[in-house]
Amino acid sequence: QQPVQSPQAVILREGEDAVINCSSSKALYSVHWYRQKHGEAPVFLMILLKGGEQKGHEKISASFNEKKQQSSLYLTASQLSYSGTYFCGTESGNTGFQKLVFGTGTRLLVSP
Amino acid sequence: DGGITQSPKYLFRKEGQNVTLSCEQNLNHDAMYWYRQDPGQGLRLIYYSQIVNDFQKGDIAEGYSVSREKKESFPLTVTSAQKNPTAFYLCASSGLATTADTQYFGPGTRLTVL
């Protein structure tokens, strides 16, 4: 089942912060975050694993609440380059093969 | 440069025709995937492959077919049985096909049925 992302869209001024949430009805093993510019391929940002290990970029952080089956992506001091659509991809269960189910995305626009 | 290439970038096809989308990777990745993206929507999995000569249906496989004869290649054929093929198609690969490995995406092919 597809994870739910919120908000669907957000507009920021440069330097402001934003939080994007990703919730699943299934128990999650990992959450993968991507950013996609219009007409381009998604670019990997971060993976969060069950058990708390975190990887990714320094300027963007994320949390993973296993009990709530939810992940949040934190964008601090936003830059113009942060604009795009953010997707979470969730993996349920440790099946030994990675099959991701993606949310419908959160559109972020950062203005000067 | 290592990466994933998809060709063509734009593709137009008449109704009733089959068309094949190319996906090549030189990352030495075991797993490869095909996704479909519709406007304002997320990515939906069409087919995936863990190893050469093996592939599995994803969530929306009807009207599509794939092959995996070489590790670096995973072409997707959109058949005339696909009722609404106009979409953005993305190919991805990951190193070990195991949990928590990053999927890297190609630049995509935008297919339009006329």
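Before going into details, it helps to say that this report is about the structure given with it. Position numbers for residues start from 1 in each chain and track the written sequence from start to end. As they are written, the chains are lettered A onward and the ligands numbered 1 onward, keeping that order. Confidence filtering applies because this is a predicted model: local features only for residues at pLDDT of at least 70, side-chain atom pairs given and counted only at 80 or more, and all residues used for totals across whole chains, interfaces and linings. Values shown for side chains rest on all heavy atoms present in the structure; no hydrogens or waters enter the calculation.

**Brief notes about the state of the cysteines**
Residue and element names in this part refer to chain A.
Working step 1: Any cysteine sulfur atom paired with another within 2.5 Å is treated as part of a disulfide. The full count for this structure, using the stated rule, is two disulfides over all chains.
Working step 2: Bridging Cys22 to Cys88, the disulfide has an S-S length of 2.0 Å. What sets the handedness of the Cys22 and Cys88 disulfide is the S-S torsion sign, and at about 75° it is right-handed. Of the two residues, Cys22 is situated in strand 3 (residues 18-23) and Cys88 in strand 8 (residues 84-91); the sequence distance between them amounts to 66 residues.
Working step 3: When accessible area is computed with a 1.4 Å probe and restricted to protein chains, residues below 20% of their type maximum are described as buried, those above 50% as exposed, and intermediate ones as partly exposed. With relative accessibility at 0%, the residue Cys22 sits in the buried group.
Working step 4: Cys88 sits in the buried class, given a relative accessible area of 0%. Secondary structure elements are taken from DSSP: a helix is a run of H or I of four residues or more, a strand is a run of E of two residues or more, and numbering for both begins at the N terminus.

**Regarding the layout of surface pockets**
Working step 1: Cavity: a set of points on a 1 Å grid over the protein atoms alone where a 1.4 Å probe fits but cannot get out. Pocket: an open set with protein on both sides within 12 Å along at least five of seven lines, its lining residues, like those of a cavity, having an atom within 4 Å of a point. Grid points are joined across faces, edges and corners, and a volume is the space filled by probe spheres set on the points. Roughly 570 Å³ of volume is contained in the largest pocket.
Working step 2: What lines the largest pocket is a set of 24 residues, and nearest its centre among them are His38, Thr85 and Arg107 of chain A together with Gln37 and Gly40 of chain B.
Working step 3: Mapped onto the lining of the largest pocket, the elements with two or more residues apiece are strand 8 and strand 10 (106-111) of chain A together with strand 9 (87-94) and strand 11 (109-113) of chain B.
Working step 4: Here the lining of the largest pocket is built from residues that sort into seven nonpolar, 13 polar and four charged. Residues are grouped as follows: Ala, Val, Leu, Ile, Met, Phe, Trp, Tyr, Cys and Pro are nonpolar; Asp, Glu, Lys and Arg are charged; all remaining types, including Gly, are polar.

**A few points about the pattern of salt bridges**
Residues and elements named next belong to chain B.
Working step 1: Salt bridge, as used here, is a side-chain nitrogen of Lys or Arg placed within 4 Å of a carboxyl oxygen of Asp or Glu. A full pass over the atoms with the stated rule returns four salt bridges over all chains.
Working step 2: A salt bridge links Arg36 to Asp38; the shortest N-O distance between them is 3.0 Å. With respect to burial, Arg36 and Asp38 carry one shared label: buried.
Working step 3: Overall, the relative accessible area of 13% leaves Asp38 in the buried class.
Working step 4: Bridged by salt links that share partners, the residues Arg36, Asp38 and Arg44 form one connected network.

**Focus: the sheet that holds strand 7 (residues 70-75) of chain A**
All names here are of chain A.
Working step 1: Pairing between two strands is assigned when DSSP locates at least 2 bridges connecting them. Overall, antiparallel pairing links the four strands, which are arranged 1-3-7-6 in an open sheet. Of all strands in the sheet, those with a lone pairing partner are strand 1 (4-6) and strand 6 (60-65), marking the two edges. Here the strands of the sheet are splayed against their neighbours by 15° on average, with no regard to which way each runs.
Working step 2: Pairing between strand 1 and strand 3: three bridges, direction antiparallel. If you follow Gln5 over to strand 3, its bridge partner there is Cys22. All axes here are fitted lines through C-alpha atoms, helices being fitted over the stretch that makes contact, and every angle between N-to-C directions spans 0 to 180 degrees.

**Things to note about the interface of chain B and chain A**
Working step 1: Contacts are assigned to residue pairs that have any heavy atoms within 4.5 Å of one another. Facing the 26 residues of chain B at the interface are 25 residues of chain A.
Working step 2: As a working definition, buried area equals the accessible area (1.4 Å probe) given up by two parts on being put together, with both sides summed. Summing both partners gives a buried area of about 2000 Å² for chain B against chain A, and 57% of it is carried by carbon and sulfur.
Working step 3: At the surface where chain B touches chain A, the tally comes to one salt bridge.
Working step 4: Across the salt bridge formed by Lys99 of chain A and Asp59 of chain B, the nearest N and O atoms sit 3.6 Å from each other.

**Here's the deal with the pairing of strand 11 of chain B**
Residue and element names in this part refer to chain B.
Working step 1: Residues Thr109, Leu111 and Val113 point to one face of strand 11 and are all buried, whereas Arg110 and Thr112, pointing to the other face, are not buried.
Working step 2: Pairing analysis gives four bridges linking strand 2 (residues 10-13) to strand 11, with the strands arranged parallel. The residue bridging Phe12 from the neighbouring strand is Thr112, located in strand 11.
Working step 3: Examined bridge by bridge, strand 9 and strand 11 share three bridges and lie antiparallel to one another. Each residue of the ladder has a partner; that of Ala87, found in strand 11, is Leu111.

**Observations concerning a nonpolar patch on the surface**
Residues and elements named next belong to chain B.
Working step 1: Every patch collects residues that have over 30% relative accessible area and no salt bridge, joining them within 9 Å if they carry like charges and within 5 Å if they are nonpolar side chains (Val, Leu, Ile, Met, Phe, Trp, Tyr). In short, Shrake-Rupley with a 1.4 Å probe defines the accessible areas, and a residue's cover is counted only from the protein chains shown. A contiguous nonpolar surface patch, about 390 Å² in accessible area, is contributed by Tyr10, Phe12 and Leu114.
Working step 2: If you trace the backbone, Leu114 turns up in the segment after strand 11.
Working step 3: Overall, Leu114 belongs to the exposed group, its relative accessible area being 62%.

**A closer look at the side chain of Ser24 of chain A**
Working step 1: Mapped onto the fold, Ser24 of chain A is located in the loop between strand 3 and strand 4 (30-36).
Working step 2: Here Lys26 of chain A takes part through its backbone nitrogen, which lies 3.0 Å from a polar atom of the side chain of Ser24 of chain A. Think of a polar contact as two N or O atoms within 3.5 Å of one another; within protein, one of them needs to be a possible hydrogen donor and the other a possible acceptor, and neighboring residues in sequence only count if both atoms come from side chains.

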